[in-house]
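Read off the chains here:
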Amino acid sequence: MTVGDIDRCVELEQLLFPEDDPWHAISFRSELAARHNRYITARDDDGRMVGYAGIALLGDAEHPEAEVHTIGVDPQCHRGGVGTKLLEALLAEAGRRGGPVFLEVRTDNAAAIALYAKHGFHIIGLRKNYYHPSGADAYTMRRPALSSMTTEWGDANRPDEVLS
């Protein structure tokens, strides 16, 4: 994502999250400026942005972790795989560093919860009145740290498993 993409992101935010204080341009500028954040976009065949996503890469080399900040997909492209591709790109970025990945999701967003569960996330907590001004609740979800061996052959929930 570049600064030139911000206006479209703001437009999508207003479509996607009107009841929950959609991000303004200044929020996106701040996120792009932070060294530990990575933001990406998805575009259609005509080059029009149809989605965006961001992740914070936190911790240090010894104790890395990541937090998905946002994923937004143009409503006209819902159920087209754009959100999946954006999430997979964020998880690949986090995977290069290792560590668990966290996120918050509205408790009434069944499609997003299913997508996250499909990618190894589990609900670990509930945040009451997390979204403002709507007062909607959010689940905190966590995907454990995965190594290339456990994602292909082992149980991702058993980091002590050794495969040979």
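Residues numbered from 1 in each chain as written. Predicted model: local features only at pLDDT ≥ 70, side-chain atom pairs only at ≥ 80, totals over all residues. Heavy atoms only, no water.

1. Quick word on the overall build of the protein chain
Part 1 of the reasoning: In terms of regular secondary structure, the protein chain is built from 5 helices and 6 strands.
Part 2 of the reasoning: Looking at the protein chain residue by residue over its 164 residues, the buried ones come to 38%.
Part 3 of the reasoning: Long-range contacts, defined as pairs at least 24 residues apart, comprise 52% of the intrachain contacts of the protein chain with a sequence gap of at least 6.
Part 4 of the reasoning: For the protein chain, the exposed area adds up to about 9,600 Å²; of that, 50% sits on carbon and sulfur atoms. (Helix = DSSP H or I, 4+ residues; strand = E, 2+ residues; numbered from the N terminus. Buried < 20%, exposed > 50% of the residue type's maximum accessible area, 1.4 Å probe, protein only. Contact = heavy atoms within 4.5 Å. Areas by Shrake-Rupley, 256 points an atom, 1.4 Å probe, with all protein chains shown as cover.)

2. Regarding the sheet that holds strand S3 (residues 64–73)
Part 1 of the reasoning: Spatially, 6 strands are ordered S1-S2-S3-S4-S6-S5 in an open sheet, and the strand pairing comes out mixed. Of all the strands in the sheet, just strand S1 (37–43) and strand S5 (122–127) have a single pairing partner and so form its edges. Taken over all neighbouring pairs, the strand axes of this sheet differ in orientation by 25 degrees on average, direction set aside.
Part 2 of the reasoning: Two strands pair when backbone bridges link them, and S1 and strand S2 (residues 49–59) are joined in this way by 7 bridges, in the antiparallel orientation. Paired with Ile-40 across the two strands is Ala-53, which belongs to S2.
Part 3 of the reasoning: Against the sheet, helix H3 (residues 82–95) makes contact with S1, S2, S3, strand S4 (101–106) and strand S6 (138–143), and its axis sits at roughly 25 degrees relative to S2, the strand it touches most.
Part 4 of the reasoning: Sheet contacts for helix H4 (residues 110–118): S3, S4 and S6; angle to S4, the most-contacted strand, approximately 160 degrees. (Pairing = 2+ DSSP bridges. Axes fitted to C-alpha atoms, helices over the stretch in contact; angles between N-to-C directions.)

3. Section: unusual backbone geometry
Part 1 of the reasoning: A cis amide bond links His-132 to the next residue, Pro-133, at an omega of 10 degrees.
Part 2 of the reasoning: Note on placement: Pro-133 falls in the loop between S5 and S6.
Part 3 of the reasoning: Despite not being glycine, Arg-79 has its phi angle at roughly 70 degrees, a positive value.
Part 4 of the reasoning: Along the polypeptide, Arg-79 turns up in the loop between S3 and H3.
Part 5 of the reasoning: A relative accessible area of 82% means that Arg-79 is categorised as exposed.
Part 6 of the reasoning: One non-glycine residue, Asn-129, adopts positive backbone phi at about 55 degrees.
Part 7 of the reasoning: Structurally, Asn-129 is set in the loop between S5 and S6.
Part 8 of the reasoning: By relative accessible area, Asn-129 is classed as partly exposed at 45%.

4. Overview of the pattern of salt bridges
Side chains carrying opposite charge are able to pair once their charged atoms draw close together.
Part 1 of the reasoning: Using the criterion set out here, one finds 12 salt bridges in the structure.
Part 2 of the reasoning: Between Asp-5 and Arg-43 there is a salt bridge, with the nearest N and O atoms lying 2.5 Å from each other. Here Asp-5, found in the segment before helix H1 (6–16), pairs with Arg-43, found in strand S1; they are 38 residues apart in sequence, far enough to count as distant.
Part 3 of the reasoning: Classification of Asp-5 by relative accessible area gives buried; the value is 10%. (Salt bridge = Lys/Arg side-chain N within 4 Å of Asp/Glu carboxyl O.)

All we've got here are geometric facts, nothing functional implied.
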